[in-house]
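Survey of secondary and tertiary structure
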Amino acid sequence: MAFEEKRAWVMIMVSVGAYAIYVATVLGRVGDTPLADVAYAGALLWTIGGAIVAAIVANIAMAVMGGHGADRTDERDREINQVSERIGQSIVVIGALAALVMAIAELRHFWIANAVYLAFVLSAGLSSVAKIMAYRKGGFQAW
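Keep in mind it's a predicted model, so treat the numbers as computed, not measured.

Okay, the nonpolar core next. Core analysis: the biggest nonpolar cluster contains 19 residues, and Tyr22, Val26, Tyr40 and Tyr117 have the highest contact counts within it. Listed by contribution, the elements that provide at least two residues to this core are α1 (3–28), α2 (41–66) and α4 (109–137). Of the residues forming this core, the biggest block, 7 residues, is contributed by α1. Setting aside anything within four residues of it in sequence, one finds Tyr117 in contact with Ala18, Tyr19, Tyr22, Leu44, Thr47 and Ile48.

Below, the discussion takes up α4. With 29 residues, α4 should cover 42 Å at 1.5 Å per step; its first-to-last C-alpha distance of 42 Å lies within 8% of that length. Looking at the residues trailing α4, positive phi occurs at Gly138, about 90°.

In helix packing, the relevant descriptors are the interaxial angle and the interaxial distance, both defined with respect to the helix axes. Orientation of helix α3 (residues 75–104) relative to α4, taken along the N-to-C sense of each, is 160°, at an axis distance of 8 Å. Classified by the interaxial angle, the pair formed by α3 and α4 is roughly antiparallel. Like other packed secondary-structure pairs, α3 and α4 cross with a definite hand, here right-handed.

As a further point, take the environment of Phe110. Mapping Phe110 onto the fold places it in helix α4. The exposure class assigned to Phe110 is buried, which follows from its relative accessible area of 4%.

With that settled, the discussion passes to the side chain of Glu4. Residue position: Glu4 is located in helix α1. The residues touching Glu4, leaving out its near neighbours within four places in the chain, are Thr73, Asp77, Lys131 and Tyr135.

A word on the UniProt feature "transmembrane region" (unreviewed entry) in the protein. When the UniProt feature table is mapped to this numbering, "transmembrane region" (unreviewed entry) covers residues 7–27, 39–66, 87–105 and 111–134. End-to-end, the C-alpha atoms of residues 7–27 are 30 Å apart, and along that stretch the chain is 100% helix and 0% strand. In this annotation, residues 87–105 is assigned 95% helix and 0% strand; the end-to-end C-alpha distance for the span is 28 Å.

In this section: α3. The end-to-end C-alpha distance of α3, which contains 30 residues, comes to 43 Å, matching closely the 44 Å that a straight helix rising 1.5 Å per residue would cover. The elements touched by buried residues of α3 are α1 and α4.

Time to look at unusual backbone geometry. A positive phi is found at Glu106, a non-glycine position, where the angle reads about 60°. Here Glu106 lies in the loop between α3 and α4.

Note on aromatic pairs: each is described by the distance of the centres and the angle between the planes. For the coordinates displayed, the defined rule picks out 5 aromatic pairs. Measuring from centroid to centroid gives 5.3 Å for Tyr22 and Tyr117, while their planes differ by 70°, and the two rings are edge-to-face. Here Tyr22 is found in helix α1, whereas its partner Tyr117 is found in helix α4, with 95 residues between them in sequence. You can call Tyr117 buried: its relative accessible area is 6%. For the ring pair Phe110 and Trp111, a centre distance of 4.8 Å and an interplane angle of 85° mean the geometry is edge-to-face. In textbook terms, an aromatic cluster arises when at least three aromatic residues are bridged by ring pairs, as seen for Tyr19, Tyr22 and Tyr117.

What counts, and where the lines are drawn
Residues numbered from 1 in each chain as written. Predicted model: local features only at pLDDT ≥ 70, side-chain atom pairs only at ≥ 80, totals over all residues. Heavy atoms only, no water. Core = buried A, V, L, I, M, F, W, Y, C linked by side-chain atoms within 4.5 Å. Buried < 20%, exposed > 50% of the residue type's maximum accessible area, 1.4 Å probe, protein only. Helix = DSSP H or I, 4+ residues; strand = E, 2+ residues; numbered from the N terminus. Contact = heavy atoms within 4.5 Å. Expected span 1.5 Å × (residues − 1). Axes fitted to C-alpha atoms, helices over the stretch in contact; angles between N-to-C directions. Parallel < 35°, antiparallel > 145°, perpendicular 65-115°, else oblique. Left-handed = near helix turned anticlockwise from the far one by under 90°. UniProt positions renumbered as here; feature names shortened; annotations may be inferred. Phe/Tyr/Trp six-rings, centres within 6.5 Å; stacked < 30°, edge-to-face > 60°.

In structure tokens, the structure reads:
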């Protein structure tokens, strides 16, 4: 398995895991309080920060365990990374547009922040799935 494919698997696990922890934390605080009134900012920031640290540590561990030159990339790796990142960025654009519409509609900050966070998680997931599929299928089709 290519190093970049392993990184994609790490990204999926870390981003989905962090989001699941965030959702469980926020839902655990609901009780009799309306969902939009739950304290979410701290959990949001901590899970995002934790996901960043976890991804960095996992990537370093993979590079160390892989030995010298394990993280080398070639032209195919760069092409797959470039195309998969563009695919993932489409979700960020959709999430930004959704947040813009929510802000114009004057929805509560809770909903806007959660829409943006969900867009980031979906973007990371879609980009990683595209990358994994490209490695499994032998790359992307030339247009």
